Amino acid sequence: MTARRIDGKAAALALRQQVGAEVARFRAATGRAPGLAVVLVGEDPASSVYVRSKGKATREAGMESFEHKLPADTSQETLLALVDRLNADPTVDGILVQLPLPPQIDENIVITRIDPDKDVDGFSPVNAGRLAIGLPGFVACTPLGCLKLLEAELGDLSGKNAVVIGRSNIVGKPMALLLLSASCTVTIAHSRTRDLPEVVRGADIVVAAVGRPEMVKADWLKPGATVIDVGINRIEAGPGNSKLVGDVDFAGASEVAGAITPVPGGVGPMTIACLIRNTMVSAARRERFEIDPAL
Ligand code: GUN
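Description of the structure in this document. Only a predicted model underlies this, so the values are computations on that prediction, with no experimental measurement involved. Every chain begins its residue count from 1, and numbering advances along the sequence as written. Reporting of local features is limited, given that this is a predicted model, to residues whose pLDDT is at least 70; pairs of side-chain atoms are given and counted only at 80 or more, and all residues count toward the totals for whole chains, interfaces and linings. The side-chain figures draw on all heavy atoms in the structure; neither hydrogens nor water molecules are used.

A look at the packing of helix α6 (residues 141-154) against helix α7 (residues 172-181)
Between α6 and α7, the shortest axis-to-axis distance is 9 Å and the interhelical angle comes to 35 degrees. For the element pair α6 and α7, the recorded crossing hand is right-handed. Judged by residue contacts, Pro143, Leu144, Cys146, Leu147 and Leu150 of α6 engage Pro174, Met175, Leu178 and Leu179 from α7. Considered class by class, the residues forming the contact of α6 with α7 number 9 nonpolar, no polar and no charged. Interaxial angles span 0 to 180 degrees and are taken between N-to-C directions of axes, which are lines fitted to C-alpha atoms, for helices over the stretch in contact. Here a helix means four or more residues in a row that DSSP labels H or I, a strand means two or more in a row labelled E, and each is numbered from the N terminus. If you view the pair so one helix is near and one far, a crossing is left-handed when the near helix is turned anticlockwise from the far one by less than a right angle, and right-handed when it is turned clockwise. Throughout, a contact is declared for two residues whenever any of their heavy atoms are within 4.5 Å. Just so you know the grouping, Ala, Val, Leu, Ile, Met, Phe, Trp, Tyr, Cys and Pro go in nonpolar, Asp, Glu, Lys and Arg go in charged, and all remaining residues, Gly too, go in polar.

Take a look at the structure:
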């Protein structure tokens, strides 16, 4: 079998265009653009690239992007004061503080300080709790993007066996809760799981989010399974060369799976598209503006 390649780039472009259309209607109705504030502390190269991409996507959708770059030695107090200002600013609909933060700053304290109704990353305890008990709120962008790819590929997910590998607060746990809400039978596997290959063999849907290059092998998969690869790992590829690979052995898995996301070009672009989507949803809620419920 040769798996269908799930084109996350195309899905993300389509979602961004849909959001762009809603932004245009919102601007015409309210006289202002939805606004996303992105805060970067320090100069971590990967974070700087992400923040630049987020700002670009925000502007391309017709939204206002407010970028706050603070030095690496910023105190927690200074960062919290900025979060307070953004919470109170009526032109800001979404707030994102890029993680990781420098060691002098407690991430949990900062995330908890963001107004849950502007927390478009969905990381705050209030939004995590809303997801757990089925209340409307913001869902973290990467798992939300994975769910959208799965629904586009498979339609109704109910009754399917889903295995999520990884239990992080930003991907594994919310992913498992979203799949549970979609009526999947969900298993969360992690570093202490016994006989992981056998657990994965029972899955119609596999979401790999562990950060270990090419860990999931072809012979772990049930033939025809749908595989979503969240991993982005840079590995050596010959002298002076490197390349990006996921958590799944793509070449091998493509022989067994029914459909699979590539790395890059799979989940990554959907994360940013969902951030733009969440920001539009936030602006609409705050202005009581009706948007397409399927967004
Ligand atoms: N660092 C890596 N991914 C993310 C993300 O989705 N949001 C934030 N705020 N920081 C990140």
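Considering the site of the ligand
When we say a residue is near a molecule or strand, we mean one of its heavy atoms is within 4 Å of it. Neighbouring the ligand are the residues Lys54, Leu96, Val97, Gln98, Leu99, Asp121 and Phe123. Here a polar contact is taken to be a pair of N or O atoms separated by no more than 3.5 Å, where protein atoms must pair a possible hydrogen donor with a possible acceptor and residues adjacent in sequence count only if both atoms sit in side chains. Contact distances for the ligand include 2.9 Å between a nitrogen atom and a backbone N or O atom of Val97. Contact between the ligand and Leu99: a nitrogen atom at 2.9 Å from a main-chain N or O atom of the residue. Each accessible area is a Shrake-Rupley estimate made with a 1.4 Å probe; only the visible protein chains count as cover when residues are assessed. In isolation the ligand offers 280 Å² of accessible surface; the protein chains occlude 79% of this area. Along the lines of polarity and charge, the residues of the shell around the ligand split into 4 nonpolar, 1 polar and 2 charged.

With respect to the pairing of strand β8 (residues 226-229)
Exposure classes here rest on a 1.4 Å probe applied to the protein chains alone. A residue is buried below 20% of its type maximum, exposed above 50%, and partly exposed in between. Here β8 shows no split at all, with Thr226 and Ile228 on one side and Val227 and Asp229 on the other all buried. Paired strands, in this sense, are two strands between which DSSP finds at least two bridges. Note that β8 and strand β11 (residues 259-260) share 2 bridges and pair parallel. Residue pairing in the sheet places Val227 in a bridge with Ile260 of β11.

Overview of the pairing of strand β6 (residues 185-189)
Relative to β6, strand β5 (residues 161-165) runs parallel, the two sharing 5 bridges. By the bridge assignment, Val163 is partnered in β6 with Thr187. On the question of chirality, the crossover connecting β5 to the parallel β6 by way of α7 is right-handed. A right-handed crossover is one whose linking path, passing over the helix from the first strand to the second, runs clockwise when the strands point away from the viewer.

Some points on the packing of aromatic side chains
Under the pairing criterion, centres of Phe, Tyr and Trp rings, with the six-membered ring standing for Trp, must be within 6.5 Å; the plane angle then separates stacked pairs below 30 degrees from edge-to-face pairs above 60, leaving the rest tilted. Summed over all chains, the structure comprises 1 aromatic pair. Residues Phe26 and Phe289 carry aromatic rings whose centres are separated by 5.4 Å and whose planes lie at 85 degrees to one another, so their mutual orientation is edge-to-face. Residue Phe26 is found in helix α1 (residues 8-30), and its partner Phe289 is found in the segment after α10 (267-287); the two are separated by 263 residues along the sequence. Here the two residues Phe26 and Phe289 agree in accessibility, since each one is buried. Sitting over the ring of Phe138, Arg285 keeps its end group 4.9 Å from the ring centre. In this scheme, the term charge over a ring applies when either NZ of a lysine or CZ of an arginine sits within 6 Å of the ring centre and within 35 degrees of the ring normal.

Observations regarding the sheet that holds β11
Taking strand neighbours across the sheet as the criterion, the 6 strands line up as β1-β11-β8-β7-β5-β6 in an open arrangement whose pairing is parallel. A single partner strand is all that each edge strand has here, and the edge strands are β1 (4-5) and β6. Of the pairings in the sheet, the one linking β1 to β11 comprises 2 bridges and is parallel in character. From the neighbouring strand, Arg5 faces β11, where its bridge partner is Ile260. Running over the sheet, α7 touches β5, β6 and β7 (205-208) and is turned about 170 degrees from β5.

Considering α1
Every helix has an expected span of 1.5 Å times one less than the residues it contains. End to end, α1 covers 32 Å across 23 residues, agreeing with the expected 33 Å (1.5 Å per residue, within 8%). Within the span of α1, buried status applies to Gly8, Ala12, Leu15, Val19, Glu22, Val23 and Phe26. Residues of α1 that are buried sit in contact with α6 and α10. A side-chain oxygen of the first residue of α1 lies 3.1 Å from the backbone nitrogen of Lys9; this N-cap is Asp7. Remark: Gly31 follows α1 within two positions and exhibits a positive phi of approximately 75 degrees.

Considerations on helix α2 (residues 45-60)
Counted at 1.5 Å a residue, the expected span for α2 with its 16 residues is 22 Å, and the 23 Å between its end C-alpha atoms agrees. All of the buried residues along α2 are Ser47, Ser48, Val51, Lys54, Gly55, Ala57 and Thr58. Tucked inside the fold, the buried residues of α2 contact α1, β2 (35-41), β3 (64-70), β4 (94-97) and α10. Downstream of α2 by a residue or two, Gly62 has a phi angle that is positive, lying close to 90 degrees.

Brief notes about the packing of α2 against α10
Where α2 contacts α10, the two axes come as close as 10 Å, and the packing angle between them is 50 degrees. Here α10 runs oblique to α2, going by the angle between their axes. The interaxial crossing formed by α2 with α10 has right-handed handedness. Seen from α2, the contacting residues are Ser53, Lys54, Ala57 and Thr58; seen from α10, they are Ile272, Leu275 and Ile276. Roughly parallel means an angle under 35 degrees; roughly antiparallel means over 145; roughly perpendicular covers 65 to 115; every other angle is labelled oblique.

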